[in-house]
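Tertiary structure, described
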Amino acid sequence: MTLADQPRTTFGNDDAKRVRADFPALDQEVNGHALVYLDSGATSQKPRAVLDVERHYYERQNAAVHRGAHTLAALATESYEQARHTVATFVGVDDDEIVWTSNATEAINLVAYGLSNASLGRGGPEADALRLTADSEIVITEGEHHSNLVPWQELAARTGATLRAIPLQDDGTLSLDDAERLVTDRTAIVAVTHVSNVTGVINPIAELVEIAHRHGALLLLDACQSAPHMPLDLHALDVDFAVFSGHKMLAPTGIGALYGRRALLNALPPFLTGGSMITTVTLEESGYLPAPQRFEAGTQRISQAIALAAATDYLGAIGMHDVAAWEHTLGERLLAGLLEIDGVRVLGPQTPEGRAGLVAFDLDGVHAHDVGQFLDDRGIAARVGHHCAQPLHRRFGVTASTRASTYVYNTFEDVDAFVDGVRDIRSFFGVV
Amino acid sequence: MASPELAGLYQQVILDHSKLRKGSGLVDGGVAESHQLNPTCGDEITLRLHLVEGSGSGLGSDSGNAGTAGDGTHGSASEPIIERLSWDGQGCSISMASASLLSELAPGLTPTELTERIALFREMMRSRGAGVEDDEPLGDAAVLESVSKYIARVKCAMLAWVAAEDTVQQVTAGRA
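Residues numbered from 1 in each chain as written. Chains lettered and ligands numbered in written order. Predicted model: local features only at pLDDT ≥ 70, side-chain atom pairs only at ≥ 80, totals over all residues. Heavy atoms only, no water.

Under an unreviewed UniProt entry, the name given to chain B is Nitrogen fixation protein NifU, and the source organism is Okibacterium fritillariae.

The name an unreviewed UniProt entry gives chain A is Cysteine desulfurase, with Okibacterium fritillariae as the organism. UniProt lists a comment for chain A under the heading Sequence similarities (unreviewed entry), and it reads "Belongs to the class-V pyridoxal-phosphate-dependent aminotransferase family. Csd subfamily." The record held by UniProt for chain A lists under Cofactor (unreviewed entry) the comment "pyridoxal 5'-phosphate". (UniProt positions renumbered as here; feature names shortened; annotations may be inferred.)

So, in structure tokens, the structure goes:
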């Protein structure tokens, strides 16, 4: 789904201000200025509704789930599994296809180590199809966040497989011709981000899925920057795995999710093992529960899962089409404002089409850290550094950049304050 | 407009040194080299230590009260003297200015004296704006005290000094 073919939203700046009022952390002064929070790509702020749900859980329900027979344990288990249903529905999949993890990074590692364990012969005949050998290839893109790169480097090192990267074009997009060239019958899995956290590029996932499946390869989607910001239907996209993090979508830290097609999850050997994921245990060996429990060893992140469901309820009540369209509007204004400033070099597409509501840029003559310091002095929170995407920055010939990333609670005033701030930076540092 | 705090952090001498980059450009030779990286932001530096034999006169006579005075008769050979630091690096204005100020400070000192000044600089950077009792031995680098209020930036200021400390330790270990 591209943003361009969505209907125009009626959601406007006044609606954003109303949403903003639901977020206590946004209502404060930083360094003598009203906080302008434009770092939601790193982590989002949390609405009162989410904070209240987590508090209520601890005040009224707190108990271990899937064990114990007392009333609180039953209530906690019910809330926990209801949360799974809510989140599964939010991304268009079935309940037992959602595995809770600590974050998206753990979810990717779960898949990588599951495949690794299959390659070692674990998981029995069901896992045969998931084995990697020295002839196998893993395909990623040059634009991946470290979390969708390093686990695959490690999997390649453990199995002898070869890691290949689809190069990026100068504007940060990837060419399907390159994908066609790199994805072959040797490819075991393609791991790709839905939306780049640096360039804002929305990748052509449906086309990549088609290419991967034509070669019998799996496709894992890093949905960290899409699940919080746009309507997502993972069944319709036909991906095999998808991961996202709660803290980037209005929920607390410590909770993320892995989506996997049911048959795949039930064939994948476990990653973390221990209590709660077993059937019969003897001193010699153990049997494992079906997914999702087989991947949820040990006491789980109960309050966080419930709070994540509250966050998706909150987003759902606004409507993800409106969220996406509003952020696109903000991103358009941000991009236009920044492109008018001397010395700004925007990383990624120079036009708003096919772009999410974030912009990363280099400011000629001023290091990103100094940019961030200047903005912080005005109460503006933006991300500076390599945004956990060093190869991508290398591709653009910079070591660090400054990024403003919007969310549904941001307003025109936020974007304008940011652009005004950036406009003043080079003269402060004496480079013009 | 920038606040007085920000103007205090980015004092003119810091901005000047961030552009001057004294010592920038690796020079052939040197007795030790260290590469330091700040992985959170990508700032990095490769720094070389260049020594000359200590002749008593030294290259600079301003090593002052730094503590080795009076040890002159000790040992078989007098300690060598730092001819210069040379470095290659990239990073924010604080890290580059700090490398430049260090490169201005080091020539003429003995490795022992530099080690003492690095310790003093570290103490200053950890002071959270309180400073140190006597920052005289740090010369112009004392201006970086303003950075100590910004704990996220202390690592930027320390980068070159950590590299220099590493080179001195390599030399000391080699001689031990």
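After that view, the rundown keeps rolling.
Residue and element names in this part refer to chain A. What the domain assignment reports for chain A is domain 1 (3-46 + 319-428) and domain 2 (51-316). Between the C-alpha centres of domain 1 and domain 2 the distance comes to 28 Å. Taken together, the contacts link 40 residues of domain 1 with 36 residues of domain 2. Between domain 1 and domain 2, the buried area comes to about 3000 Å², and carbon and sulfur atoms account for 59% of it. Applying the counting criterion to the domain 1 and domain 2 interface returns two salt bridges. Applying the counting rule to domain 1 against domain 2 returns 23 residue pairs in polar contact (both at pLDDT 80 or more). At the level of elements, α11 (320-339), β14 (358-363) and α13 (390-395) are the ones that each hand at least two residues to the side of domain 1 that touches domain 2. Across the side of domain 1 that touches domain 2, the residue classes break down as 20 nonpolar, 14 polar and six charged. (Domains from an automatic or database assignment. Contact = heavy atoms within 4.5 Å. Buried area = accessible area lost by both parts, 1.4 Å probe. Salt bridge = Lys/Arg side-chain N within 4 Å of Asp/Glu carboxyl O. Polar contact = N/O pair within 3.5 Å; in protein donor to acceptor, adjacent residues only side chain to side chain. Helix = DSSP H or I, 4+ residues; strand = E, 2+ residues; numbered from the N terminus. Nonpolar A, V, L, I, M, F, W, Y, C, P; charged D, E, K, R; others polar.)

With 21 residues of chain B at the interface, the matching set in chain A holds 16 residues. Overall, the association of chain B and chain A removes approximately 1500 Å² of surface from exposure, summing both partners, and the carbon and sulfur fraction of that is 54%. At the boundary of chain B and chain A, one finds one salt bridge. In this structure, A:Asp370 and B:Arg153 form a salt bridge, with 2.9 Å as the shortest nitrogen-oxygen distance. Here chain B is connected to chain A by nine residue pairs in polar contact (both at pLDDT 80 or more). Counting only elements with at least two residues in the side of chain B that touches chain A, the list comes to α1 (4-9), α2 (12-20) and α3 (93-105) of chain B. The class makeup of the residues in the side of chain B that touches chain A is twelve nonpolar, six polar and three charged.

Residue and element names in this part refer to chain A. Counted under the stated rule, the structure contains 25 salt bridges over all chains. In this structure, Arg333 and Asp416 form a salt bridge, with 2.8 Å as the shortest nitrogen-oxygen distance. With a gap of 83 residues between them, Arg333 in helix α11 and Asp416 in helix α14 (residues 412-428) connect regions that are remote in the sequence. The class for Arg333 is partly exposed, based on a relative accessible area of 34%. Since its relative accessible area comes to 29%, Asp416 is described here as partly exposed. Taken together, the shared-partner salt bridges in this structure form one network comprising Glu81, Arg84 and Glu296. (Buried < 20%, exposed > 50% of the residue type's maximum accessible area, 1.4 Å probe, protein only.)

Before going further, it helps to spend a moment on the nonpolar core. A:Trp100, A:Val239, A:Phe418 and B:Trp161 are the most contacted members of the largest nonpolar core, which totals 150 residues. Taken domain by domain, this core gets at least three of its residues from each of domain 1 (3-46 + 319-428) and domain 2 (51-316) of chain A. Ignoring anything within four residues of it in the chain, the contact list for A:Phe418 reads A:Leu38, A:Leu334, A:Leu338, A:Phe361, A:Leu375, A:Ile380, A:Ala382, A:Thr402 and A:Ala404. By size, the runner-up hydrophobic cluster in this structure holds 33 residues, among which are A:Leu110, A:Val243, A:Ala291 and A:Phe295. (Core = buried A, V, L, I, M, F, W, Y, C linked by side-chain atoms within 4.5 Å.)

All right, on to the UniProt feature "domain: NIF system FeS cluster assembly NifU N-terminal" (unreviewed entry) in chain B then. According to UniProt, the positions carrying the feature "domain: NIF system FeS cluster assembly NifU N-terminal" (unreviewed entry) are residues 80-156 of chain B. Here residues 80-156 of chain B is 40% helix and 13% strand, with 29 Å between the C-alpha atoms at its ends.

A few words now on the sheet that holds strand β16 (residues 383-385) of chain A. Residue and element names in this part refer to chain A. Spatial ordering of the open sheet is given by β13-β14-β17-β16, a layout of four strands whose pairing is antiparallel. Bordering the open sheet on either side are β13 (344-347) and β16, each of which pairs with just one other strand. Each strand axis lies, on average, 30° off the axis of its neighbour in the sheet, ignoring direction. Sheet topology note: the β16/strand β17 (residues 401-405) ladder contains three bridges and is antiparallel. (Pairing = 2+ DSSP bridges. Axes fitted to C-alpha atoms, helices over the stretch in contact; angles between N-to-C directions.)

Moving on, we get to a negative patch on the surface. Together, B:Glu123, B:Glu133, B:Asp134 and B:Glu136 give the surface a local cluster of negative charge. Mapped onto the secondary structure, B:Glu133 falls in the loop between α4 (111-125) and α5 (154-175). (Patch = residues over 30% accessible without salt bridge, like charges linked within 9 Å, V, L, I, M, F, W, Y side chains within 5 Å. Areas by Shrake-Rupley, 256 points an atom, 1.4 Å probe, with all protein chains shown as cover. Lys, Arg positive; Asp, Glu negative; His and termini not counted. Charge placed at Lys NZ, Arg CZ, Asp CG, Glu CD.)

This paragraph deals with the sheet that holds strand β6 (residues 162-166) of chain A. Residues and elements named next belong to chain A. Across the sheet, which stays open at both edges, the seven strands sit in the order β4-β10-β9-β8-β7-β5-β6 with mixed pairing between neighbours. The open sheet has two edge strands, β4 (98-101) and β6, and neither has a second partner. Recorded for the sheet is a direction-independent mean angle of 20° between the axes of neighbouring strands. Relative to strand β10 (residues 256-260), strand β9 (residues 241-245) runs antiparallel, the two being bridged by five bridges. Bridge pairing in β10 places Phe241 opposite Gly260. Relative to strand β5 (residues 137-141), helix α5 (residues 150-159) is tilted by about 165°, and along the sheet it contacts β5, β6, β7 (187-193) and β8 (218-222).

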